[in-house]
Amino acid sequence: MSEENRKLWQELGINMEMHDQLIAALPGMFAGAFGKLKNRPEGMKYFNMVVGDIHGIRVHELAGKKKAGSKVVATFCVYVPEDLTWSAGAEQIGLCGGAHFTVPAGEEHLPANLCPLIKSSLGFKVARVCPYTQISDLIVGETTCDGKKKMFEILGTMQPTYTIVLPPAKDKASRDLFVQKLKEYKDKLESLTGKKVTVEILTEKSRILEEKKKAMRRIENVRKNDPAPISGLDALLVNQVSFYDDPVRFAQMTNQLADELEQRVKKGDGVYPKGTPRLLVSGTPQAIPFWKIPEIVEKTGGVVVAEESCVGTRYTSTKAGQTGQDLDKLLAGIADRLLETHCACFTPNSERADDIVRLFKEYKANGVILSNLQFCGPYTVESKLIENRLRKEKIPFLRLDVDYSAEDAGQLKTRVQAFLEMLKYSGRKNERD
Ligand code: BJ8
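From a predicted model like this one, the values you see are computed outputs, not experimental measurements.

Asks: So what's going on with the domain arrangement of the chain? Which residues, and what values?
Replies: The domains assigned to the chain are domain 1 (3–177) and domain 2 (204–318 + 344–432). Computed over C-alpha atoms, the centres of domain 1 and domain 2 are 22 Å apart. Domain 1 puts 53 residues into the contact, and the matching count from domain 2 is 55 residues. In total, about 4,500 Å² of surface goes out of reach between domain 1 and domain 2, with carbon and sulfur atoms giving 68% of it. Per-residue buried area on domain 1 facing domain 2 is highest for Y46, F47 and W86; these three make up 14% of the total on that side.

Asks: Could you give an account of the pattern of salt bridges, naming the residues involved and the relevant values?
Replies: All told, the structure shown has 48 salt bridges when counted by the stated rule. The shortest N-O distance in the salt bridge between R399 and E387 comes to 3.3 Å. Here R399 is found in strand β8 (residues 397–402), whereas its partner E387 is found in helix α18 (residues 377–392), with twelve residues between them in sequence. Take R399: its relative accessible area is 25%, and that puts it in the partly exposed class. Taking the relative accessible area as the measure of exposure, E387 reaches 7% and is therefore buried. If you follow the salt bridges from partner to partner, you end up with R58, E61, K65, E91, D245 and R249 in one network.

Asks: Which residues make up the site of the ligand, and what values go with them?
Replies: The environment of the ligand is formed by 15 residues, the closest being C77, C145, C310, C343 and C376. Grouping the amino acids of the shell around the ligand by side-chain chemistry returns eleven nonpolar, two polar and two charged. Each of domain 1 (3–177) and domain 2 (204–318 + 344–432) accounts for three or more of the residues forming the shell around the ligand.

Asks: I'd like to hear about the packing of helix α17 (residues 350–362) against α18, residue by residue, with values.
Replies: At a closest axis distance of 10 Å, the pairing of α17 and α18 adopts a crossing angle of 55°. It follows that α17 is oblique to α18 by the angle criterion. Between α17 and α18 lies a crossing whose hand is right-handed. Side by side, α17 and α18 meet where R352, A353, D354, I356 and V357 of the first sit next to Y379, E382, I386, R389 and L390 of the second. A class-by-class count of the residues in the contact of α17 with α18 yields six nonpolar, no polar and four charged.

Asks: Tell me about the packing of aromatic side chains, and name the residues and values.
Replies: Per the stated rule, a full pass over the model turns up twelve aromatic pairs. Aromatic pair F47 and F250: ring centres 6.0 Å apart, planes at 80°, arrangement edge-to-face. Of this pair, F47 sits in helix α3 (residues 44–52) while F250 sits in helix α13 (residues 247–267), and the two are 203 residues apart along the sequence. Of the two residues examined, F47 and F250, each falls in the buried class. Seen from their ring centres, Y79 and F178 are 6.4 Å apart, and the 75° between their planes marks the pair as edge-to-face. A residue pair is termed long-range when its members are at least 10 positions apart, and Y79 in the loop between β1 (71–75) and α5 (82–87) and F178 in helix α10 (residues 172–193) qualify at 99 residues. The exposure class of Y79 is buried, given its relative accessible area of 1%. Given the relative accessible area of 0%, F178 is considered buried. Through pairs of rings, three or more aromatic residues link up here, namely F30, F34 and W291. Geometry around Y315 places K213 over its ring, the cationic atom sitting 4.3 Å from the centre. Its end group placed over the ring of Y363, K224 keeps NZ or CZ at 5.2 Å from the ring centre.

Calculation rules
- Residues numbered from 1 in each chain as written.
- Predicted model: local features only at pLDDT ≥ 70, side-chain atom pairs only at ≥ 80, totals over all residues.
- Heavy atoms only, no water.
- Domains from an automatic or database assignment.
- Contact = heavy atoms within 4.5 Å.
- Buried area = accessible area lost by both parts, 1.4 Å probe.
- Salt bridge = Lys/Arg side-chain N within 4 Å of Asp/Glu carboxyl O.
- Helix = DSSP H or I, 4+ residues; strand = E, 2+ residues; numbered from the N terminus.
- Buried < 20%, exposed > 50% of the residue type's maximum accessible area, 1.4 Å probe, protein only.
- Near = heavy atom within 4 Å.
- Nonpolar A, V, L, I, M, F, W, Y, C, P; charged D, E, K, R; others polar.
- Axes fitted to C-alpha atoms, helices over the stretch in contact; angles between N-to-C directions.
- Parallel < 35°, antiparallel > 145°, perpendicular 65-115°, else oblique.
- Left-handed = near helix turned anticlockwise from the far one by under 90°.
- Phe/Tyr/Trp six-rings, centres within 6.5 Å; stacked < 30°, edge-to-face > 60°.
- Lys NZ or Arg CZ within 6 Å of the ring centre and 35° of its normal.

So this is what it looks like as structure tokens:
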């Protein structure tokens, strides 16, 4: 651990004792999940390095940008448009909310029977163990689920926080309201940075965002092949890094990885044998360092080939690169783009079920894991509708309600194992019939 890192963390007001415990635990967690993967692509070295120094390189980079006059905006949801934030001269980073380590600190202010993502997110601030939270000038929340929007009120008593009001539906009146709320967010950003958002800058930043998403879609595309050229764990790691890395560098490194994977596909080279049961994982986001689901699936003889999640296709599928002659049109384009993110917080939200069925076919999956964080109201309740649709489509599925703690790992493994056995058996039976 370098002295420069420690000095920076101290300057940011990090609780050094607790932070040392967190940093000491990460290599073991990473090795536990990724250590036994075979034939990992060379291109993953970059992403390993970024995660290996997760509180170092990038935090220094942000500190440098702040010294040069930039501001840092931190977020928890894909509904906060990074191209708009960048246009006002600020950096945008997604904050981690995937660690069990900070759940107890979150529970000092929140009920225990609340989604672990919300508790973990607040816990990072309460425990002062996240340099990204500490370095940010503004935390931007959103009114997606009830737990989150109330948590942002508490967070606002600890650090400057702004909440974008998101409509609960996608009809015309809701869309108009959202456009208005994006205008207000633009004004807020301009007063934060002292810089004006212009048509030219926003068009350019939207283009950069689309380049980043295109690179991520290339990784998704190669995963449609059997054998899979990259594990679900590695693909998830790339998606997780996308939330806090520099977008231009991230796109460049992801394109390099995609070049390598496309070559693998040409040669028929994979990370698991051809015919390994292929699973689509759908549900709540898998924020870093939450690797539990692909880790269990891939240690149990399956492979995750896609994620219908905000750390996955729900983020990459919305096309950026908005163009328009005036700011109003550009902001309306951004609103339309974001309203195509089919989060369970919306009603109705039947498009999500359509997406799952489409992805199942496109990725030639054998089954779906509906993975929802415990106590997540929107996703666990919506699961019923998704299950009905999957039954109708005769798509095999397994529903898992998961927690960040390690306590449910044994039980989850048994259920995933049984599901994979069932898929293998029905695959053999179909071959015979
Ligand atoms: S757009 S999925 S990133 S809100 S898991 S905190 S919903 S109780 S994370 Fe999300 Fe934006 Fe939607 Fe995507 Fe609440 Fe559920 Fe917890 Fe959740």
